[in-house]
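Here are the chains, one letter per residue:
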Amino acid sequence: MNRAMNAKSARGVAALAALLALSACGNAPSRGDDPSLLNVARQTVAQVVARRGEPAEAAAPRDPAEMAATALSVNPGPLILVGLEGLGTTQVLAMTGQNGGMRTYMTPNEQAVILRGGMLVGTRGLGHDMSATEAGRSAALIRAGQSGQAQRTLRYYAADGRERPLPFTCRIGPGPKAGVMVESCEGNGVSFQNNYMVSGGAITVSRQWGGPGLGYLTIQTLRP
Amino acid sequence: MTRRPTLLRHLLTTALPASIVLCAGSGLAVAEPMIGRSFNNYGLPGAVDTPSAEMLPDAELTATAAKSELTERVGLVFQLAPRVTTALRYGKFDSTEERRGYVRDRSFDLRFQILDEAAGTWRPAVAVGIQDAIGTGFYSAEYIVATKTITPTLRASAGLGWGRLAQGGGIGSPFGDRPGPDTGTGGELNADTWFKGEVAPFASVAWAAGDKLTLVAEYSGDEYACETGDADTCARSVWLSDSDPLKNRINFGATYQLGQNYQVGAYVLGAKHVGVQFTLLTSPRRAAYPSGLEPAPAPVRPRPDRASDPDGWSGVWASDPTAQPAIQKALGDALADEGQRLESMVLTADRAEIRIRNERYIQQAEAVGRAARLMTRALPPSVETLVITSSEAGMPTSSVTLRRSDVERLENTEAGQIANAAALTDAAPRPAGLVPTPGEFPDLDWAIKPYLSTGLFDPDEPFRYEVGGEVTARYEIVPGLVLQGSLRQRAFGNAEQEAPGSYAVDEYLALSDDEITEQNNGVYRVRSDSRMYTGNDKLQVPRLTLNWYGRPTQTVYSRVTVGLLERMYGGASAELLWKPVNSQLALGAEINRVRKRDYRDAFELLDYEATTGLVTAYYEFGNGFRGSIGAGQYLAGDVGATVEVSREFANGWEVGAFVTKTDLSADEFGEGSFDKGVTISVPLSWGTGLPSLRTVGGTLSSLNRDGGQQVNVRGRLYETVRDSHSVRMYDGWGKFWR
């Protein structure tokens, strides 16, 4: 989930901008290297995978199990392992904030996945981010192992700069595998299916849809 | 404050269309008017020469180039509203009136869909259109057309055309004779010719032969009379050319969609001529990275409970004189990391106000949201009221007041919720206890970079450019008092120094101002000699000004700018703007006293002096539309009015048009009759996904004439102030938690 995640765009405008930006020099970008409150948070994260700003190529081919083991030994806080299916990348994210039941996990280069009780409720810095979703009803059914229906609105940052809602109707129920709950959602001619493995009332492993541009995320709790 | 509920309601009901999120082309049913799949050679939905009643998706912007043995055109098409398509094009055609034997002429089209197709019934979509509404009339035509979906892959259109569309196959003149085209200076509306003269039927079918390929066939009344030397039908003899005539009125074409952003096409006209076309499609509503790639914001840090931090909750920390400096330093550093500057801060036991200057995010709400998050991380628990004041050019322009408990409660929820809990007000002018952040001012920013300046659509030289190196610097002495400028050295390019009209450069330099005026229909050349300034190999100073911004009252802003205001004029400029934060109306007045700058020497001035002044009313209509109307005196001493209308998007895209009409007669003004143009502004962040306030774009204006010209002062107040005012702030509010 490093810069490689963003490397698929090379458009005319981008190229032009890069030309202008790269060839410029000056003092303007100098501010912001000082230690700061946010950097404190970031440094916590940075410990997870060696140095901050390590090139993506180095991280990508690493074995997820090895990555997880390293992360667990350096970082004492809550950790998750997130795979982005569309891009074939996997990274360890460390918790950088907790607000009630909501947790924000970040990669060293500050891309974030936001979970509420294990349910994906937002992403940041991935280019096709989900801004928010209210997943309370689904979450309750999933954790209780019960079947039922829920209305869910997933909200996205649209290209025109607005937050746009995508409403879905979801059916929740046990899947074919024991211990796995399935949430099947449909709306706007789009459908997706999330899978949650629940143990002890908590979602430990899941595969959840991040949105039209992002695809599925696999999320595994390394340390709760 | 009274506007807030309306604006909020608007913000909160930005319901769908889901297609905006789900990317066009994903095969979803969309509640938009009938959308065209392929473009005709005018760049609009249709067959080859004939139009259809189809529209483009709302806000779509396309650029088309078409070339055949008979024509050559480039143009822009913008879907101004769901049912209104507009087009601006430059066509090249022969003219015996010009030395060079041809003219590149602008034309403007409008298409309005009056009726949408009703699925499952007989009712087709119906549109009326006017082609070449204000140009010379070379492409002038009007039409009414109906389009019906026959099968999912087959659409048929039929209509009636006037003007160019009725050069052949006419069936009579229901509304009287068609007057000849404007043979004078052009540029006026050709309304007297609309729907006049012979009318002829036309028809077309379009078959989607696959996902990407569309085949079209049409029967068209456009016989290319002028291009093929048909003197009886050609509207003006000076346009006559001598290509081979078409063999019949049937045209065939094919278009192929390449990805989401390109379309290529080829066609055969009357079994005689072939042509090709290329279309580039873009839209403010499609981007490679809709949410942007900027790093995640800092998470909100909820306060510890009272028992675990009794001192923090009691507020006793506020009496410690070291508290505020430490907090201000930490918060300032954290904000700097996110592209914002903490200019100053008020901190008491239960309330904190920060004044921030956003230097990174186009949507001010994103800057405010990030600042709010950082405040929850930096401030002791007893601080419950958070005030985030936006500062633009040193002026506090608006304050967002939030309860810290709302920020904690609503983090990462739908943005409308925190909008409801926030208050947007005019900033307090000088709050008690305001402490400037040490080390922020004076502040110097500078950069060295290459520059490329271009000129397009010049009849003689379609693409002019100049490349060189540029140093820009901005020194802000205290907030609001700025010395700024740039230096340029040209390296190479094909833009040379040229005198206007038929003069050589030396001849023009030898003329006195009176002679220049006399030989230009009595109007001094205030802009039309702009090319005297190009091709300068000396060190150039495009701008060098001292700017002073102020805020005399809570709702009035002021600006004084002195120095080399722009490439052609130097002097002094003063402006006042009344703009309450929650008002959709703003009133401004500007007065400038300027001298014309020397063509070559950066610090020399010519003799021509002028006083210009404009009183302007600005209004934000909502839904992204805004307009302004201004009246006053322009550079040539002419008196008149300027009207501007534009459509803007929360992400920073803007497409607009303006016209200026002054008391100069069409003869005094010359070609084009009055000043008009189109402006497009595209944020770099939309293209790259990386946050930046920079935009690229420009103005496609009429030929540079001398009537209705203003001084190009940088940093006018309205643009400076409004990004943090209600309409723009709430339009962009969706990114509060981004």
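Our structure is the block above this text.
Computed from a predicted structure; not experimentally measured.

**Things to note about the overall build of chain B**
Link 1 in the chain: Scanning chain B from terminus to terminus reveals 12 helices and 31 strands.
Link 2 in the chain: Here the C-alpha atoms of chain B give a radius of gyration of 29 Å, agreeing with the 27 Å that 2.2 N^0.38 yields for 738 residues.
Link 3 in the chain: Projected onto the principal axes, the alpha-carbon positions of chain B cover approximately 95 × 75 × 45 Å.
Link 4 in the chain: Here chain B holds 738 residues, and 47% of them are scored as buried.

**Considering the sheet that holds strand β2 (residues 72–81) of chain B**
Through backbone hydrogen bonds, the strands of a sheet pair up, either in parallel or in antiparallel fashion.
All names here are of chain B.
Link 1 in the chain: Strand order in this closed barrel of 12 strands is β1-β2-β3-β4-β5-β6-β7-β8-β9-β10-β11-β12, and the pairing throughout is antiparallel. Averaged over all neighbouring strand pairs, the angle between strand axes comes to 20 degrees, with direction disregarded.
Link 2 in the chain: Alignment of β2 against strand β3 (residues 84–94), held across eight bridges, turns out to be antiparallel. Among the inter-strand pairings, V74 is bridged to a residue of β3, identified as Y90.

**Looking at the sheet that holds strand β2 (residues 79–84) of chain A**
Residues and elements named next belong to chain A.
Link 1 in the chain: One open sheet holds the 12 strands; their spatial order is β6-β5-β4-β3-β2-β13-β12-β11-β10-β9-β8-β7, and the pairing between them is antiparallel. Both outer strands of the open sheet, β6 (119–124) and β7 (130–133), are each paired with one neighbouring strand and no more. Between one strand axis and the next, the sheet turns through 30 degrees on average, direction left out of account.
Link 2 in the chain: Examined bridge by bridge, strand β12 (residues 202–209) and strand β13 (residues 216–223) share five bridges and lie antiparallel to one another. Within the sheet, the bridge partner assigned to W209 lies in β13 and is Y216.

**A word on unusual backbone geometry**
All names here are of chain B.
Link 1 in the chain: Cis geometry is adopted by the peptide bond preceding P442, which originates at F441 and carries an omega value of 0 degrees.
Link 2 in the chain: Positionally, P442 belongs in the loop between β18 (435–436) and β19 (443–456).
Link 3 in the chain: We note that A59 has phi near 75 degrees; this positive angle belongs to a residue other than glycine.
Link 4 in the chain: Locating A59 in the fold gives a position in the loop between α1 (4–12) and β1 (61–68).
Link 5 in the chain: A tally of 22 C-beta atoms within 10 Å means that A59 is categorised as buried.
Link 6 in the chain: The phi torsion at D132 lies on the positive side, around 55 degrees, for a residue other than glycine.

**What about helix α5 (residues 136–144) of chain A?**
The α-helix winds at 3.6 residues per turn, so residues separated by three or four positions along the chain end up facing the same way.
Residue and element names in this part refer to chain A.
Link 1 in the chain: Of all the positions in α5, only S138, A139, L141 and I142 are classed as buried. Along α5, the residues classed as buried sweep out an arc of 165 degrees about the axis, all on the same side.
Link 2 in the chain: Close packing links the buried residues of α5 with β6, β8 (148–157), β9 (163–174), β10 (180–187), β11 (190–199) and β12.

Cut-offs used in this document
- Residues numbered from 1 in each chain as written.
- Chains lettered and ligands numbered in written order.
- Predicted model: local features only at pLDDT ≥ 70, side-chain atom pairs only at ≥ 80, totals over all residues.
- Helix = DSSP H or I, 4+ residues; strand = E, 2+ residues; numbered from the N terminus.
- Rg over C-alpha atoms; globule rule 2.2 N^0.38 Å.
- Buried ≥ 20, exposed ≤ 12 C-beta atoms within 10 Å, placed from the backbone.
- Pairing = 2+ DSSP bridges.
- Axes fitted to C-alpha atoms, helices over the stretch in contact; angles between N-to-C directions.
- Arc of directions from axis to C-beta.
- Contact = placed C-beta atoms within 7 Å.

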